[in-house]
Amino acid sequence: MKAILCTEFGGPELLRYTEIPEPEIGEKEVLIQVFACSVNFPDVLIIQNKYQFKPELPFSPGGEVSGIIEKVGAGVKHLQVGQRVLALCGWGGFAEKVKVTADRVFPIPPMMDFATAASTLYTFGTAYHALKDRAKIQAGETLLVLGAAGGVGLAAVELGKVMGATVIAAASTDEKLSLCAEKGASHLINYQMEDLKERIKEITLGKGVDVVLDVVGDRYAEPALRSMAWNGRYLVVGFAAGEIPKLPFNLALLKGCAVMGVFWGRFSTEEPKKNQQNIIELVNMILSGKISQHIHKTYSLKDAPNALQDMLDRKVMGKAMVEVRGERLEARRGTQEARDKKQEEGDGGAERKVFRSLADLKAHEGKPLGQSRWVEVSQEMIQNFADTTGDRQWIHVDTEKAKALIPGGKNLAHGYLTLSLIPQLMYEVLPLEGVQMALNYGTEKVRFPAPVYSGDKIRLHASLAKIEENPDGSAKVFSKIEMHSDHADKPVCVAEVISMVRF
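Keep in mind that this is a model prediction, so the values were computed, not measured.

Thresholds, definitions, all that
- Residues numbered from 1 in each chain as written.
- Predicted model: local features only at pLDDT ≥ 70, side-chain atom pairs only at ≥ 80, totals over all residues.
- Heavy atoms only, no water.
- Salt bridge = Lys/Arg side-chain N within 4 Å of Asp/Glu carboxyl O.
- Helix = DSSP H or I, 4+ residues; strand = E, 2+ residues; numbered from the N terminus.
- Buried < 20%, exposed > 50% of the residue type's maximum accessible area, 1.4 Å probe, protein only.
- Polar contact = N/O pair within 3.5 Å; in protein donor to acceptor, adjacent residues only side chain to side chain.
- Contact = heavy atoms within 4.5 Å.
- Disulfide = S-S within 2.5 Å.
- Domains from an automatic or database assignment.
- Expected span 1.5 Å × (residues − 1).
- Axes fitted to C-alpha atoms, helices over the stretch in contact; angles between N-to-C directions.
- Parallel < 35°, antiparallel > 145°, perpendicular 65-115°, else oblique.
- Left-handed = near helix turned anticlockwise from the far one by under 90°.
- Nonpolar A, V, L, I, M, F, W, Y, C, P; charged D, E, K, R; others polar.
- Core = buried A, V, L, I, M, F, W, Y, C linked by side-chain atoms within 4.5 Å.
- Pairing = 2+ DSSP bridges.

S.K.: Explain the pattern of salt bridges residue by residue, including any values.
M.R.: Within this structure, the stated rule accounts for 21 salt bridges. It is possible to trace a salt-bridge network through shared partners that takes in Glu22, Glu70, Lys71 and Lys97.

Written as structure tokens, this is what we have:
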């Protein structure tokens, strides 16, 4: 297979486009056919041996990929061959195939294309963790973003606007600042041409900024820290400008402010449940059109070193992407034709409502939620479910016996397998945005009027039955659902689904 290989530490010009052996996966790994790999600043550092993670030579850079699973290790139960996924591999992504530990692989929502998937986690994941979990930014506060036109910076500008902050974008050129304005920045500072501290004082009328998100460091850090408001939060994300600043910490004392590190990679492993909730919220924002990645340029695999050089030269605004497969990547939001097709296959062309508050949900009581996409129940899915539950009846797993004894000759899916598909399909018809918590609380009145056979396609129809508020501010959401197969006249599953949410 083809790959970009780092055989000696140094600049992008030392990388080689060459043939390498296909990776061999372990018990808890998967092999992914790479369709897209995003370019991030750590990729520039890792080839120079300046990053905190130091792979042995030779290796391929590229830590954030999307693609299709080709093989799964024997110990992997939650992923399957043919599944569309994104993965945080650390390195190895600038290649036609990459092996990744299964716990760093995540399914791609069906309506998200490969380019969006591969360009989302590092930047939006980092920015959202920084603003939501570390700074706990509030609507009405002022946010200063240093390096605002880069991947994380631009994501922070857009998320800050969505979260209700007044965003001040600081970058090195007017072209970059123009893009920041498009993404929602209310004020712009060209810190190559203007005095950063004086401009912040002017914009905030002397109050200072509540939150600083800094991805550049170097000489911009101290004036930004001097410009903090009382009880401000200074988020240390990276040092793209070169030098790690040496800050006078008496400033933190005088300002009563906090200086805090943001390391999204470690957060995602130390607090996986909270990280997963963040990802769900980001996906909902993307699908509802509230945020979108800006793709600076798409490079071929062979030209990936040029992408790293552009990153090193600070030419990239938003995200640079490496297209690994020969197929053309879909546009970020898809063409109008693709959107029309999704609507036709999903909710019949009706505009899908996004629920952003308990009031939104209560206003929808008694109304339909629409229908999900079709999902194929493959024999492999049936086998994996049987292995997971230990229920290996011959009607589920013995394909030869099924051919001989079951009408139609196909194995039956376990009823509980059909039931287990409800959560992922409910996310499509009940999109929640800005929730602190969303749990699958339970099901009631479950029936299976018709069987599901191997190879059948099923989809979910739902309506919002009622809302029950709890004293702690959460609420139970009761939805009536029917699941239909493309080969059955009757529903294959009827149930009442209960979700617990808190906004």
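S.K.: Give a detailed account of the side chain of asparagine 190, specifying residues and quantitative values.
M.R.: Mapping asparagine 190 onto the fold places it in strand S10 (residues 187-190). Overall, the relative accessible area of 6% leaves asparagine 190 in the buried class. Reaching out from asparagine 190, the side chain makes a polar contact with the side chain of aspartate 174 at a distance of 3.2 Å. When residues no more than four places from it in sequence are discounted, the contact partners of asparagine 190 are Ala171, Ser172, Thr173, Asp174 and Leu177.

S.K.: Any chance you could break down the state of the cysteines for me, citing the residues and the numbers?
M.R.: What we call a disulfide is simply a covalent bond connecting the sulfur atoms of a pair of cysteines. Under the defined criterion, the tally for this structure stands at zero disulfides. Counting only cysteine sulfurs, cysteine 37 is the nearest neighbor of cysteine 6, a cysteine outside any disulfide, at a range of 14 Å. Exposure remark for cysteine 6: the relative accessible area of 0% places this residue in the buried category.

S.K.: Any chance you could break down the domain arrangement of the protein for me, citing the residues and the numbers?
M.R.: Each domain of the protein was delimited in the assignment, giving domain 1 (2-119 + 297-323), domain 2 (123-266) and domain 3 (358-502). The gap between the C-alpha centroids of domain 2 and domain 3 is 44 Å.

S.K.: Help me get a handle on helix H3 (residues 121-134), residues and values and all.
M.R.: In this model H3 runs just 17 Å from its N-terminal to its C-terminal C-alpha over 14 residues, more than 12% under the 20 Å that 1.5 Å per residue would give. Of all 14 residues in H3, eleven are buried; the element is thus mostly enclosed. Among the residues of H3, Leu121, Thr123, Phe124, Gly125, Thr126, Ala127, Tyr128, His129, Ala130, Leu131 and Asp133 are the ones counted as buried. Following H3 by one or two positions, lysine 136 has its phi on the positive side, about 50 degrees.

S.K.: Kindly report on the packing of H3 against helix H4 (residues 151-162), identifying the contributing residues and their values.
M.R.: Packing of H3 against H4 brings their axes to within 8 Å, and their N-to-C directions diverge by 55 degrees. Our classification of the angle between H3 and H4 gives oblique. For the crossing formed where H3 meets H4, the hand is right-handed. In this structure, H3 uses Tyr122, Thr123, Phe124, Thr126, Ala127, Tyr128 and Leu131 to contact H4, whose residues at the interface are Gly151, Val152, Ala155, Ala156, Glu158, Leu159 and Gly160. Taken together, the residues that form the contact of H3 with H4 break down as nine nonpolar, four polar and one charged.

S.K.: An account of the nonpolar core is needed here, citing residue identities and associated values.
M.R.: Core analysis: the largest hydrophobic core is formed by 75 residues, its most contacted members being Leu143, Leu144, Leu146, Leu159, Leu213 and Leu235. Structurally, this core is a two-domain feature, drawing no fewer than three residues from each of domain 1 (2-119 + 297-323) and domain 2 (123-266). Beyond its immediate sequence surroundings of up to four residues, leucine 146 is in contact with Ala170, Tyr191, Leu196, Val212, Leu213, Asp214, Val215, Val216, Tyr220, Ala224 and Tyr234.

S.K.: With reference to specific residues and values, describe the sheet that holds strand S11 (residues 209-214).
M.R.: One open sheet accounts for six strands, arranged S10-S9-S8-S11-S12-S13; its pairing is parallel. Only two strands of the sheet have a single partner each, and these edge strands are S10 and strand S13 (258-261). Between one strand axis and the next, the sheet turns by 15 degrees as a mean value, whatever way the strands run. Sheet analysis places S11 next to strand S12 (residues 228-236), joined by five bridges and oriented parallel. Within the sheet, the bridge partner assigned to aspartate 214 lies in S12 and is valine 236. On top of the sheet, helix H6 (residues 196-203) reaches strand S8 (142-146), strand S9 (166-171), S10 and S11; it is set at about 165 degrees to S10, its chief contact.

S.K.: So what's going on with the packing of H3 against helix H10 (residues 272-287)? Residues and values would help.
M.R.: For the pair H3 and H10, interaxial distance at closest approach is 10 Å and the crossing angle is 110 degrees. When the axis of H3 is compared with that of H10, the two are roughly perpendicular. Crossing of H3 against H10: the hand is right-handed. Note on element contacts: H10 touches H3 through Lys274, Asn278, Ile279, Glu281, Leu282 and Met285, opposite Leu121, Phe124, Gly125, Tyr128, His129, Lys132 and Asp133. Looking at the contact of H3 with H10, its residues break down into six nonpolar, three polar and four charged.

S.K.: How would you explain unusual backbone geometry if you had to name every residue and give the values?
M.R.: With an omega dihedral of -10 degrees, the bond running from leucine 57 to proline 58 counts as a cis peptide bond. Examined against the element boundaries, proline 58 turns out to sit in the loop between helix H1 (41-47) and strand S4 (64-72). Even without glycine at this site, arginine 314 takes up a positive phi of about 60 degrees. Along the chain, arginine 314 falls in the loop between helix H11 (304-312) and strand S15 (319-323). Using a relative accessible area of 32% as the deciding quantity, one classes arginine 314 as partly exposed. Backbone geometry at lysine 445 places phi at a positive 55 degrees, although glycine is not the residue there. When you line up the elements, lysine 445 lands in strand S18 (residues 437-447).

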